[in-house]
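Working through the structure, step by step
Each chain, written out:
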Amino acid sequence: MKQTRLLVFLVLAMLWSISSIVSAQGGVITYGETRSDILTDATPQILYSINGNENEVVTVYVLSGSDTFQPSITILGPTGQIAFETSDRLSPIFNDARATLKLPATGSYSVLVGSANNIFGSYTIAVRLTTSGISTQIGAEPVTLNIPPGGQSQAFTLAPSASDTPLTIASSSPGFMFAAQVSSPDGRLILAVDGALPSVSAVLPASTEPYTVVVSASNPNDSGTIIIAQTGDVIVSTDGSS
């Protein structure tokens, strides 16, 4: 009984701590919407909410208006658990943060925007529903994807496999950096990269359900070509060329 009371007290204390830090409510933000806000010493974080459905692939993108302000994103699920947290520290663009998540359940998700380096300023936040390509399944043959400037994130599924499957995502355009996230069939993020490497490889555990892969340009203003393959044989040079 004492342990139960202690647990309840700790949960209430954590919720009180979060609510005392958040100084502003951004309200509900819908798919396709872009807003501008500002963080200050008095308002170090702003909390938004997104209403989503199970298995939707959602991307939240925050771009600061300053070269010194590094934004961060934390997404909380309908039950309050942390579903995603990032500040894109490995991104070649210092003043942005991106989070792509396959929603594990229908409900209201909280998006907390803050600063990773305690420097504040103005920013824009955009929420996009990534549905194009979600029905496109990647099998034995590699997929070559051209990403135009300003192109939105594109989602694919990986064919289920009874054995562990290697996955490689690689840039085939010199100097082009990509962002990629891989989610398990139950919506958990298992791999994320944003511009740090010209290629990334992983081995996915056997599954009877498909994995989800979301890809985009690391810098929204750039364009290039990437290759997605269920193999470890895609080879690229250190400058991103194949």
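Residues numbered from 1 in each chain as written. Predicted model: local features only at pLDDT ≥ 70, side-chain atom pairs only at ≥ 80, totals over all residues. Heavy atoms only, no water.

**Description of the overall build of the protein**
For the protein, the count of helices and strands is one helix and 18 strands. The proportion of buried residues among the 242 residues of the protein is 44%. Here the contacts in the protein between residues at least 6 apart in sequence split such that 73% fall between residues at least 24 apart. (Helix = DSSP H or I, 4+ residues; strand = E, 2+ residues; numbered from the N terminus. Buried < 20%, exposed > 50% of the residue type's maximum accessible area, 1.4 Å probe, protein only. Contact = heavy atoms within 4.5 Å.)

**Some points on unusual backbone geometry**
The backbone of Asn-118 sits at a positive phi, close to 60°, despite the residue not being glycine. On the secondary structure map, Asn-118 appears in the loop between β8 (107–115) and β9 (122–130).

**Details of the pairing of strand β7 (residues 96–102)**
Of all seven residues making up β7, seven are buried, and the element is well covered by its neighbours. In β7, alternate side chains face the same way, and those of Asp-96, Arg-98, Thr-100 and Lys-102 on one face and Ala-97, Ala-99 and Leu-101 on the other are all buried. Relative to β7, strand β4 (residues 57–64) is paired through seven bridges, and the arrangement is antiparallel. When the sheet's bridge partners are listed, Val-58 is paired in β7 with Leu-101. (Pairing = 2+ DSSP bridges.)

**Here we look at the nonpolar core**
One finds Val-60, Val-111, Tyr-123 and Ile-125 to be the most contacted residues of the largest nonpolar core, which totals 21 residues. Only β3 (46–52), β4, β5 (71–76), β7, β8 and β9 provide two or more residues apiece to this core. Excluding anything up to four places from it in sequence, Ile-125 contacts Ile-29, Glu-33, Thr-34, Arg-35, Tyr-48, Val-60, Tyr-61, Val-62, Val-111 and Val-113. Leu-158, Ile-169, Phe-178 and Ile-228 belong to the second largest nonpolar core, which has 20 residues in total. (Core = buried A, V, L, I, M, F, W, Y, C linked by side-chain atoms within 4.5 Å.)

**Brief notes about the pattern of salt bridges**
Within this structure, the stated rule accounts for one salt bridge. The closest approach of N and O atoms between Glu-33 and Arg-35, which form a salt bridge, is 2.7 Å. (Salt bridge = Lys/Arg side-chain N within 4 Å of Asp/Glu carboxyl O.)

**Comments concerning the sheet that holds strand β11 (residues 143–147)**
Here we have four strands laid out as an open sheet, ordered β11-β18-β13-β16, and antiparallel in their pairing. What marks the edges here is a single partner per strand, and that holds for β11 and β16 (199–204). The sheet shows a mean angle of 15° between the axes of neighbouring strands, direction not considered. Looking at chain direction, β11 and strand β18 (residues 224–229) are connected through five bridges and run antiparallel. The residue bridging Asn-146 from the neighbouring strand is Thr-225, located in β18. (Axes fitted to C-alpha atoms, helices over the stretch in contact; angles between N-to-C directions.)

**Examining the confidence of the model for the protein**
Put simply, the protein has an average pLDDT of 77, and 76% of its residues get 70 or more. The lowest-confidence element of the protein is helix α1 (residues 2–21), averaging 46 in pLDDT; the highest-confidence one is β3, averaging 94. Per-residue pLDDT stays below 50 along residues 6–20; that stretch engages in zero contacts with residues further than four places along the chain or on separate chains. Confidence drops under pLDDT 50 across residues 233–242; counting only partners more than four residues distant or on other chains, this segment forms 25 contacts. (pLDDT = per-residue confidence, 0-100.)

**Here's the deal with the environment of Ala-105**
As for its position among the elements, Ala-105 is in the loop between β7 and β8. For the pair formed by Ala-105 and Asn-55, sequence separation is 50 residues and the distance between their alpha carbons is 7.1 Å. Apart from the residues within four sequence positions on either side, Ala-105 is in contact with Gly-52, Asn-53 and Glu-54.

**Side note on the pairing of strand β13 (residues 165–171)**
Of all the seven residues making up β13, six are buried; the element is thus mostly covered by neighbouring parts of the structure. Pairing geometry for β13 and β18, over four bridges, is antiparallel. Along β18, the bridge assignment pairs Ile-169 with Ile-228.

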